[in-house]
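Residue-level structure breakdown
For reference, the chains in residue letters:
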Amino acid sequence: MTTIPDITIIGGGIIGLLTARELTMAGARVSILEKNAIGRESSWAGGGILLPIYPWRQPSAISELVRHSLDIYPTLATELRESTGIDPEWSPCGLFISRNPDIERAIDWCERYSIDYRTAQTPSLDNLNCDPLNPLWLPDIAHTRNPRLLKSARRDAENRNVELLEHCDVQNVTVNNGRIVSLTTDRGERSVGHLIVSAGAWTNILFERFFPGLAAPDIKPIKGQMLLYDAPPDLLPGMILENDHYLIPRLDGKILAGSSVEQCGFDKSTSEATYHKIKSFAEQLCPALKRASIISHWAGLRPGTAHGVPYIFRHPDLENLSVNAGHFRNGLVMAPASTSLMADLILGKTPMLDPEPYNLLAPH
Ligand SMILES: Cc1cc2nc3c(=O)[nH]c(=O)nc-3n(C[C@H](O)[C@H](O)[C@H](O)COP(=O)(O)OP(=O)(O)OC[C@H]3O[C@@H](n4cnc5c(N)ncnc54)[C@H](O)[C@@H]3O)c2cc1C
């Protein structure tokens, strides 16, 4: 690209990719700069459950993004599949939550956000060894196969002529008269129109390095480890959440088991202790998994904020700087609404939902 892109996005995860999609639909020319390969960090490592874990225990700012995203997902998945030929496998297989000491709160939340629920009629638990307490079945909750969602969103970006610069580490910025004028990367200097930082868990580091003294979002890396079983199809009636762990059945029978929540900086290594903890949860809950092999074990870094509410804002002190980051455990489910809100703010459109809770200065 020889001309200056209207929008430069740092970070090619799900947030960067879907933000680019929104902005190109409005006619903007967009570049994404990604220090590794596109879509290989947290967005790849996640489970893809399209509901927060116990959303009724979390701030309503999360539920608002979730509700809007749930409305967008079926159409988004269809459009991505048809335009790219890569199926993000949006699968509304339902979510069974076995233990709900706060069932009244859960029911109020489902009614408030129009989420279908059953307390009496649950799916068959034949293969499961769970210990239900006020069980809850949410038959319409879906998951997406996030690595495929990312491939599809990447192809979609290419089709929309988004410039994708991989292995391009953004190392510094030049600011002049309250505007960012250029970026220094390990692949050279780039002029900037408007800059969006969607660098997930790395967003804070970039702020500290690029904008010392400027008000910054508070985002920390929170490691999560997962296991993948090669299991026969139809072992589970849907996704299962028991206490803090879950099983997610993919369409081809593979089952994900997760996850850990660990604060250890930017260390992305896996550990044997966590492997055994997740394995023991999975095989206790679904004994048939003892006969299935574990074919993968990985870790990713969630972009954590104190209450899980992401930052989506235009910076008050730099007119051409915006941030869309800090989605913690819910970046896949919140991505469609959060990127649409970001685009509304940049394009000066009436926002689809109240942007205040996602502001830099809102209590997070
Ligand atoms: C184990 C695990 C399970 C999860 N399960 C779920 C789930 O079931 N449902 C759900 O909704 N969410 C889930 N999540 C959370 C979700 O994955 C994240 O919230 C989401 O992926 C964040 O997306 P992102 O685009 O902000 O970050 P990322 O995908 O991490 O993308 C940020 C990108 O910025 C790039 N970057 C950083 N610094 C620079 C730089 N200097 N220059 C250029 N590029 C840079 C990085 O390389 C990275 O690719 C899970 C996460 C994990 C780890």
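Residues numbered from 1 in each chain as written. Predicted model: local features only at pLDDT ≥ 70, side-chain atom pairs only at ≥ 80, totals over all residues. Heavy atoms only, no water.

Let's talk about the domain arrangement of the protein chain
Here the domain parsing of the protein chain yields domain 1 (7-46 + 150-217 + 307-358) and domain 2 (95-140 + 220-304). Put simply, the middle of domain 1 and the middle of domain 2, counted by C-alpha atoms, are 30 Å apart. Contact with domain 1, which involves 13 residues of that partner, is made by 17 residues of domain 2. Of the roughly 1200 Å² buried between domain 1 and domain 2, counting both surfaces, carbon and sulfur atoms make up 64%. Remark: the boundary between domain 1 and domain 2 carries one salt bridge. Of the charged contacts in the structure, one is a salt bridge between Lys 268 and Glu 41, with a shortest N-O distance of 3.0 Å. If you tally residues by element for the side of domain 1 that touches domain 2, the top one is helix 2 (residues 42-45), at three residues. Residues of the side of domain 1 that touches domain 2, tallied by class, amount to six nonpolar, five polar and two charged. (Domains from an automatic or database assignment. Contact = heavy atoms within 4.5 Å. Buried area = accessible area lost by both parts, 1.4 Å probe. Salt bridge = Lys/Arg side-chain N within 4 Å of Asp/Glu carboxyl O. Helix = DSSP H or I, 4+ residues; strand = E, 2+ residues; numbered from the N terminus. Nonpolar A, V, L, I, M, F, W, Y, C, P; charged D, E, K, R; others polar.)

Comments concerning the packing of aromatic side chains
On inspection of all chains with the given rule, the structure shows eight aromatic pairs. Ring geometry for Tyr 54 and Trp 56: centres 6.1 Å apart, planes at 75 degrees, overall edge-to-face. Accessibility classification places Tyr 54 together with Trp 56 in one group, the buried group. Measuring from centroid to centroid gives 5.2 Å for Trp 109 and Tyr 113, while their planes differ by 40 degrees, and the two rings are tilted. Here Trp 109 falls in the buried class, since its relative accessible area comes to 7%. One aromatic cluster is present, built from ring pairs that chain together Tyr 54, Trp 56, Trp 109 and Tyr 113. Of note, Lys 35 hangs over the ring of Trp 202, and the distance from its end group to the ring centre comes to 4.1 Å. (Phe/Tyr/Trp six-rings, centres within 6.5 Å; stacked < 30°, edge-to-face > 60°. Buried < 20%, exposed > 50% of the residue type's maximum accessible area, 1.4 Å probe, protein only. Lys NZ or Arg CZ within 6 Å of the ring centre and 35° of its normal.)

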